[in-house]
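Each chain, written out:
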Amino acid sequence: MSLFWRSWVVANSVIFVVGILLVTFVTLEFKRDYDRLLGERLLVIGASGAAPFSRAVELGLPISGVRNASALLDIPRQTDPLISGVWVLDAQSRMVEGTGGHIRDFNRMSMPQVATNDFEEGWYATVGSAFVAGIPIHDGSGQQVGQLLISYPLEVSRTRVLAMLAEVSFYVLLIASAFSLAAGGLLRVSMAQEIDGFKIVVADLDNFDHRVWTMQRRDDETAHTANLRAMLERSRTSYLNLLGKPSKQEATEQTNSET
Amino acid sequence: MRSSDFISRERLRLRLVVVMTTIVVLSVASMFLVVLSIFGAALAPELENRTRFIGVTVRSDLQRVLQLGIPLDAAAGIEGFLENAIAPFPEVRRAAVLTADGALLAEVFRDDLSPASEGGGLIALVGSAPSQFLLPVIVGNSEVAQVEIEGSPQFVQTRLRDIFLDVGVLSFVVVLIGVEVAILAAAVGIWKPYGRLLYLLREQAQGRFRSVTRPSGPGPMARTIKRMNDQVRDLVRRAPSRGGLTRHLRLSDIADMRLVLLIYIMGAEITASFLPLYGASVSRGSWMSEEFAAALPVGSFLVGVAVLSPFAGGLARRFGARGLFVLAAALTALAMAGLALADTIVTVALARGVVAVLFALASISCQQYALQAQSETRETQDLSGASASTSFYAMIFGGLVSGSALGGVVSSLFSYQTAILLGAVLVLTSAAVAMVFMDGAAGRPIPNVTGGAEPPRISSANRSHLNILIWVIGAPVAATTAVFVWYLTPLELAASGRSPAEIGRVVMLYYLMLVIVTPLANFVFRRCQSEATSIIVGLVFTAAVLFLHDLSADIVAYVVAMAVLGVGHALIRTPLLSAVVKAAGTAKGPVNVFRGVERLGGLIGLAAGSLFLSKGLTELALTSLAWLTAVGAVTLFVGLVIQRSKPDNREISE
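About the criteria used
Residues numbered from 1 in each chain as written. Chains lettered and ligands numbered in written order. Predicted model: local features only at pLDDT ≥ 70, side-chain atom pairs only at ≥ 80, totals over all residues. Heavy atoms only, no water. Pairing = 2+ DSSP bridges. Helix = DSSP H or I, 4+ residues; strand = E, 2+ residues; numbered from the N terminus. Axes fitted to C-alpha atoms, helices over the stretch in contact; angles between N-to-C directions. Contact = heavy atoms within 4.5 Å. Polar contact = N/O pair within 3.5 Å; in protein donor to acceptor, adjacent residues only side chain to side chain. Buried < 20%, exposed > 50% of the residue type's maximum accessible area, 1.4 Å probe, protein only. Salt bridge = Lys/Arg side-chain N within 4 Å of Asp/Glu carboxyl O. Core = buried A, V, L, I, M, F, W, Y, C linked by side-chain atoms within 4.5 Å.

Caption draft 1: Expanded view of the sheet that holds strand β3 (residues 132-139) of chain B. Residues and elements named next belong to chain B. The antiparallel open sheet is built from four strands, whose spatial order is β2-β1-β4-β3. The strands lining the two open edges of the sheet, one partner per strand, are β2 (104-109) and β3. Shown here is a sheet whose adjacent strand axes are inclined to one another by a mean of 15 degrees, direction ignored. Strand direction decides the pairing type here: strand β1 (residues 92-99) and β2, joined by five bridges, are antiparallel. Across the sheet, the residue bridging to Leu98 is Leu104, located in β2. Together, β1 and β2 form the strand contacts of helix α3 (residues 78-86), whose direction differs from that of β2 by roughly 40 degrees.

Next comes the structure, spelled out in structure tokens:
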């Protein structure tokens, strides 16, 4: 059965590794897709929020010169109550206007430092404990003079990813366990010939061992592997001959002839 | 009962492959059905948020227009407005503006997305439906219009299809490794101890008590081995005058090196699907074209392998296959780390060249081990096993399939560098596995045998036949692999926007066909005793692909081309080698020339391919290869006809 157990352990490892791979890939893909879907939505929300600032800058006004900036920044927040902060930054990444939590250091918010994508419309990335999207504000010549940032609590996406991970893991574990049992059955059936053959060899070795130590045959002993049995006998005889002792067979023959 | 009757490795391997493949295919399919439902349901809220957001944006803009008193049917360019609104949202299939009583006013939709009603079999099966919204446009107190937004299930379907394919190819890799692990576990735990026991028994039955070995295997077997060891030690202790020091018996088995080689090739060839893209992505001098930069790492690999191959066998014999492999694998891991950290094309090409030299050392060490183990097995044991060369090539191609697939998936998810570093880790793992399992006598240095049989003289007819096989057939076949599989396919697919994972899957198909078709072709053509027929059929397949394939075609055409080319090359490779050996009358000199010409053909093809690509004449590269292949097929066919029509041959056959 050693052959069966070893093969079953490997088959189980294969099933569970495939399951783990599936869970890992699904989770990574889900996180990537979720971030992308959310990021794209935030970019569109941010683009409508950044439009009034771009128009002001195109007219030659500084970003800080937009008088109703805080009211304009409330418009993006109305589209999704979960948006946790909206800010306008100038070209040096200094905050001009905005409120919200999550972002402490605006100097880190320049596009090349954090962006995982390089869309013309802006960038989105996970920064600290928030998911942040940045939408550039351009002047009339197309030069970037600032950006509008929108932050979204990371817990939302984290909770969704973890919930999906837990659900997928549970079902994959269940299915893997069922197929592990099926693999056991299939292996036992398909390897029956090898397992049985091996059992016979092991039984013969065991019988021979028993006979050497007890100097008598087992009642139910049968020799299945003639070749192996003959070699076992011959090796034992050679050993005893070299020791100068008669083998059990020789001793028996001697006793028989004496009687 | 002979031991081989109850434990045939080939039969066991076949059964393990069948059982594991069945179980993995069924479990992945069931897991995937569940994932499909969970994935769709988990993404649905965000997809709904997006669809609703578009609806709300369109509605508020329309309301603003209508509040100004402009009648809806007078508002021009609603279609353009709707197009702009849905442009950032690739999953939205349709946006429409309707009157209050439902008459259609304006509508835009994406033709490439399937409608919600055609959710697809699997989507319909698990009940994941796309989002759909109908929002009223209210001016004053009355509803004047409606905005309708409809998503498409295709977004979720595409994502899931990618996951399914990625997991599918990785499952294949896991099954491949799993089968080899199972075989190794059976070898280490059962048939190697049994082989050692038989060896001791045979020796002792003949009255020779010299060898001892490690007791292992199931209970009674380990006990018997222990007793045999004790008998030897006892006799040596009692009669030291016999001068018999004990000899520690280490039997070798081909299974010792299979897993090692598979993991090594998988790691070292993890770049197979993206090497030209990686070469083109790093910085290069202004004098160097992108096409040349893409070809350089592939070319340096061919040079590296060609330079070291003739000496690797001698080195493995001199320093021992195991030691040399472990050293080469450790250095390969370092070179791959260098390849991952390289930032210029020169360092990339250099690192890849070093990997190639070490690749040749490591793979030929394994081949040496397998050949030694095979001859040792034939001498000492009666267990049936696979031949060394079959095992060697199975692991090489298995490693290439797995490496290209794994590299594609990992580089797509993370980066090229991450994939190369993973390759380095795999190579190190193979070194560790080799340290533990390649412990047979075949891994030790082999004393030099001076002198030897004179190489047989080759007749002039055979010499011309040999030249045709090597130069007219071998070189173009190698050039086709280097140019089409390694170089043009990754570049062209990347240019059409395909991800590294998709490219990996396509390139993998070529090697997969080699793995599957080679043994079948060998079996069929060995029965027919006709290598030439197999080669000609393979050349016809290859030429057909090269003539018919359009490089600007879609990925499906590449899938077909790779599969057919793989089948064609599977029909050529082994029979060609066999025909070269037969014509030369030896497996040495001309075979080395053949290997050298193969690499030279690859190099020249690659150089020409990059030149043609930089001049915009890629189709010409394929057409030239196609003509060369066709010429090879015709030449061999004519040679075959002439040979068969010779009277002496007819007499022999009669």
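Caption draft 2: Layout of the side chain of Asp253 of chain B. Examined against the element boundaries, Asp253 of chain B turns out to sit in the loop between β6 (247-248) and α7 (255-268). In terms of polar contacts, Asp253 of chain B uses its side chain to reach the backbone amide nitrogen of Ala255 of chain B, at 2.8 Å.

Caption draft 3: Inspection of the pairing of strand β4 (residues 142-151) of chain B at higher detail. All names here are of chain B. β4 sits mainly inside the fold: seven of its ten residues count as buried. Pairing between β1 and β4: seven bridges, direction antiparallel. Residue Ala96 lies in a different strand from β4, and its bridge partner there is Glu148. Of the strand pairs in this sheet, β3 and β4 are connected by eight bridges, and their pairing is antiparallel.

Caption draft 4: View of the pattern of salt bridges. What the rule picks out here adds up to 20 salt bridges over all chains. A salt bridge links Arg41 of chain A to Glu46 of chain B, with the shortest nitrogen-to-oxygen separation between them at 2.8 Å. Of this pair, Arg41 of chain A sits in helix α1 (residues 2-58) while Glu46 of chain B sits in helix α2 (residues 9-67), placing the two residues on different chains. Exposure remark for Arg41 of chain A: the relative accessible area of 2% places this residue in the buried category.

Caption draft 5: A look at the nonpolar core. Ranked by size, the top nonpolar core spans 243 residues in total, and within it Leu42, Phe53 and Leu148 of chain A together with Met20, Phe39, Tyr264 and Phe484 of chain B carry the most contacts. The element contributing the most residues to this core is helix α5 (residues 154-205) of chain B, with 24 residues. Setting aside chain neighbours within four positions, we find Leu148 of chain A in contact with Gly46, Gly49, Ala50, Phe53, Leu73, Val86, Trp87, Val88, Ala133, Gly134, Ile135 and Ile137 of chain A. One finds Leu576, Leu577, Val591 and Val597 of chain B within the second-largest nonpolar core, a separate group that totals 23 residues.

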